[in-house]
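# Examination of the molecular architecture
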Amino acid sequence: MVDTLGVAVIGFGWMGRVHTQAYARVRHHFPGLPLVPELVTVAEEVPGRAEEAAARFGFASTTRDWREVAADPRVKAVSITAPNFLHREIGVAMAGAGKHIWIEKPVGLTAEDAGAVADAVAKAGVQGAVGFNYRNAPAVEAARELISSGEIGTVTHVRIRLFSDYAAHPEGALTWRYERERGGSGVLGDLASHGTDLARHLLGDITSLTADTAVFLPERARPTGATAGHSRASGGELGPVENEDYVSCLLRFASGARGVLEACRVSVGEQNNYGFEVHGTKGAVFWDFRRMNELGVSRGTTYQDQSVTTVYVGPGHGEFAAFQPGAANSMGYDDLKVIEAYRFLRSVAEGTPHGATLTDAVHSAAALDAMARSAASGAWADVSAGA
């Protein structure tokens, strides 16, 4: 027997659409899922945007006030894809109303915010999933298995990069994303949050770090109307960019491994250059998001001049078989969110977490807070103790 689960989406920018499409596709790829998501309502404060979403995707109702979602008995699960500064308030409210939540990263502006949402989820006994989508790539899951099995020996060091140009244009609008009060820590929350999650997912807990940050485009024009994504605005009043364009960071792991994490949102010539290189005493593993379905693997006993083999992920890796029948058939970004939707709905159905959780969000946020402290002080910062 298959049950329906009433779902709502709060915030309908690009990520709200991605979540909605994932709900629409999830049972096509995972027909054994015992829950069918039903699009009950969409909440968006920008006039007309919720109505457009309903007409396009089939939501039964719309609202401009997300608080109405908390009071709606039809809604059992909620995607929270609103701006960062609203995540804590909405997350706590939805969990308190007994609704399962799938919330985008960063979960609030600080580790305290993420912890508050995690506490609310635990207290309510609901499930909480977090949008760390890159860990869902079958190649990343294959890399994690290689590392944990000892195929590349004891991990010695990792380099993680997240370079993008989404904020590189000088006419990029001064939206909430660039304000400390509403956007939080800039590229730390936008991109480095994924980096810290990947680092911990692959290598275990980060214990301490030292970081440097910079703002390279200090002023932007204020938009004159509603914006979506990374809109441009020219000729408007200039205002200050309050949070970071760039971060570089040295990491120390509980295992003794070392790491380098670098993220930038204004890298001209870089279009989503995300990836990692993990080195061990017997080999290495390499992943580039732009070649998402490939993995570079070096292993053996040669050590010096040891070759690297390209592995094309296939049905034996992660959730690949739900999308393609054979290796080297490509998957894309939106497929990672379908996997995320599947794991969220499976968590709800089984009452057991699958995929990234609020605990993972708290660990990531603690690392981001430590980066901010380190950049301000010029000293190493302890991640695990939050000091």
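Treat the numbers as computed from the prediction; the structure is a model and nothing was measured. (Residues numbered from 1 in each chain as written. Predicted model: local features only at pLDDT ≥ 70, side-chain atom pairs only at ≥ 80, totals over all residues. Heavy atoms only, no water.)

### With respect to the side chain of His100
Its location among the elements puts His100 in strand 5 (residues 100-103). Classification of His100 as buried rests on a relative accessible area of 17%. Excluding residues within four positions of it along the chain, His100 makes contact with Lys76, Ala77, Val78, Val126, Gln127, Phe344 and Val348. (Helix = DSSP H or I, 4+ residues; strand = E, 2+ residues; numbered from the N terminus. Buried < 20%, exposed > 50% of the residue type's maximum accessible area, 1.4 Å probe, protein only. Contact = heavy atoms within 4.5 Å.)

### Describing the sheet that holds strand 1 (residues 3-10)
With parallel pairing, the 6 strands of this open sheet are ordered in space as 3-2-1-4-5-6. The open sheet terminates on both sides in strands that have one partner only, identified here as strand 3 (61-63) and strand 6 (128-130). Averaged over all adjacent pairs, the angle separating strand axes in this sheet is 25°, with direction ignored. Note that strand 2 (residues 35-43) and strand 3 share 3 bridges and pair parallel. Bridged to Thr41 within strand 3 is Ser61. Packed on one face of the sheet, helix 9 (residues 333-350) meets strand 1, strand 2, strand 4 (77-80), strand 5 and strand 6 and runs near 160° to strand 5. (Pairing = 2+ DSSP bridges. Axes fitted to C-alpha atoms, helices over the stretch in contact; angles between N-to-C directions.)

### Observations concerning unusual backbone geometry
Here the residue pair Lys105 and Pro106 is connected by a cis peptide bond, since its omega of -10° sits within 30 degrees of zero. Assignment of secondary structure puts Pro106 in the loop between strand 5 and helix 5 (111-124). Residues other than glycine seldom take positive phi values, yet Asp305 does so here, at roughly 65°. With a relative accessible area of 74%, Asp305 lands in the exposed category. Even without glycine at this site, Ala328 takes up a positive phi of about 75°. Along the chain, Ala328 turns up in the loop between strand 16 (309-312) and helix 9. Classification of Ala328 by relative accessible area gives partly exposed; the value is 49%.

### Digging into helix 4 (residues 87-96)
When we look at burial in helix 4, the residues that qualify are His87, Ile90, Gly91, Met94 and Ala95. Take helix 4 and look down its axis: the buried residues cluster within an arc of 125°, on one side only. For helix 4, the elements touching its buried residues are strand 1, helix 3 (67-70), strand 4, strand 5 and helix 5. Positive phi shows up at Gly98, right after helix 4, with a value of about 80°. (Arc of directions from axis to C-beta.)

The quantities given are spatial measurements derived from coordinates; they are silent on function.
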